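Take a look at the letters that make up each chain.
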Amino acid sequence: MIPVDVVLIGRNEGARLVAALGSVMGQARQVVYVDSGSTDASVAEARKAGAKVVELDMSIPFTAARARNEGFAALHDPQLVQFIDGDCMLVDGFLDAARAHLLAHDHLGMVTGWRSEIHRDASVYNQLADFEWRRPAGEIQACGGDMMVRASVFREVGGFDPTVIAAEDDEFCVRLRKAGWRLDRIPNEMTRHDMDMHRFAAWWKRAVRGGHGYAQVGHMHPPYFRTEQRRILVYGLGLPLLLIAGLLWWPLAGMALLLYALNYIRTARGLERMGLSARESRRHSALITLSKIPNLIGMATYHLRRLRNDQMKIIEYK
């Protein structure tokens, strides 16, 4: 049977990493943990669990993409590789299901599954993330960082791009599809994620990071993320400008508020149709509508960095 190896990446994940290691040890042939400058006991815990540890040189700009690449490079003769973030626990049986699906379809380059939040109802931010993770099974355009990839395909496309600080998984998936590979999500539970987000400020920074990803990956692979960028420009820039103009002529402010309200209602109804309760739909719609402003900040940050040839530094939200 073709073996599966696991690459775990993390930074100061504490008990979450211990749980992640416990979920993968014994299920994979090799487990590599890539540490990004942790100041807790992450490295010691990984070694105690029996994982091979790679400690990144933090004098070089850190990205999740770089960590995954170095983890892959540390594997011995990999054939199928499951990438997992250090705040996730692998669900029993997923590796076997994903391997079987990949090997049954020669045109498949990557397989993913369903991620869910361990403490979904601990905060509205956890609930929103849980909803983001749950998408229909079948052929997909892209997915998050938890995925199983053929090692030969990973090498063929050059792995992850270490210069991409957010949405690096989307960028990787775009190149997979451009190389002619199909990507699938199978209807199996894959990982249990611990978002552990309870503060508005952390959610805001995550949304800024998302906007940076939309801009960077969209600039690298047009027209990818074009729809998202247009929405951000309308609701994060256009309507706020109308509100400001309303200080001079009030009907403009009224028009902006009406458009915001219509977007909020349309989003909430769409979420209800997708299975969320009315209460959660209203709360999520408010955050989704508001997110366009920090998304815009992230987009502007990327383009300023690009024009100035500045370093693409990560935007941390934890």
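Residues numbered from 1 in each chain as written. Predicted model: local features only at pLDDT ≥ 70, side-chain atom pairs only at ≥ 80, totals over all residues. Heavy atoms only, no water.

Asks: How would you explain the packing of aromatic side chains if you had to name every residue and give the values?
Replies: Two descriptors summarise a pair of aromatic rings, namely the distance from one centre to the other and the angle between the planes of the rings. Overall, the coordinates contain 13 aromatic pairs when judged by the stated rule. Ring plane angle 50° and centroid distance 5.7 Å describe the contact between Phe-154 and Phe-172, whose orientation is recorded as tilted. Of the two residues, Phe-154 sits in helix α6 (residues 151-157) while Phe-172 sits in helix α7 (residues 168-178), which places them 18 residues apart along the sequence. Take Phe-154: its relative accessible area is 5%, and that puts it in the buried class. Take Phe-172: its relative accessible area is 0%, and that puts it in the buried class. The interplanar angle of 45° and the centroid separation of 5.9 Å between the aromatic rings of Phe-200 and Trp-204 together place this pair among those described as tilted. Residue Phe-200 and its partner Trp-204 are located together in helix α8 (residues 200-220), separated by four residues, close to a single helical turn. (Phe/Tyr/Trp six-rings, centres within 6.5 Å; stacked < 30°, edge-to-face > 60°. Helix = DSSP H or I, 4+ residues; strand = E, 2+ residues; numbered from the N terminus. Buried < 20%, exposed > 50% of the residue type's maximum accessible area, 1.4 Å probe, protein only.)

Asks: Kindly report on the nonpolar core, identifying the contributing residues and their values.
Replies: Residues Val-34, Phe-83, Met-110, Met-147 and Phe-172 are the most contacted members of the largest nonpolar core, which totals 36 residues. Breaking this core down by element, the ones donating at least two residues are β1 (4-10), β2 (31-35), α3 (64-73), β4 (80-85), β8 (147-150), α6 and α7. Contact partners of Phe-83, with chain neighbours within four places excluded, come to Val-7, Arg-68, Phe-72, Gly-145, Asp-146, Met-147, Val-149, Phe-154 and Phe-160. Judged by nonpolar contacts, the second largest core, of 27 residues, contains Val-53, Cys-88, Leu-102 and Val-111. (Core = buried A, V, L, I, M, F, W, Y, C linked by side-chain atoms within 4.5 Å. Contact = heavy atoms within 4.5 Å.)

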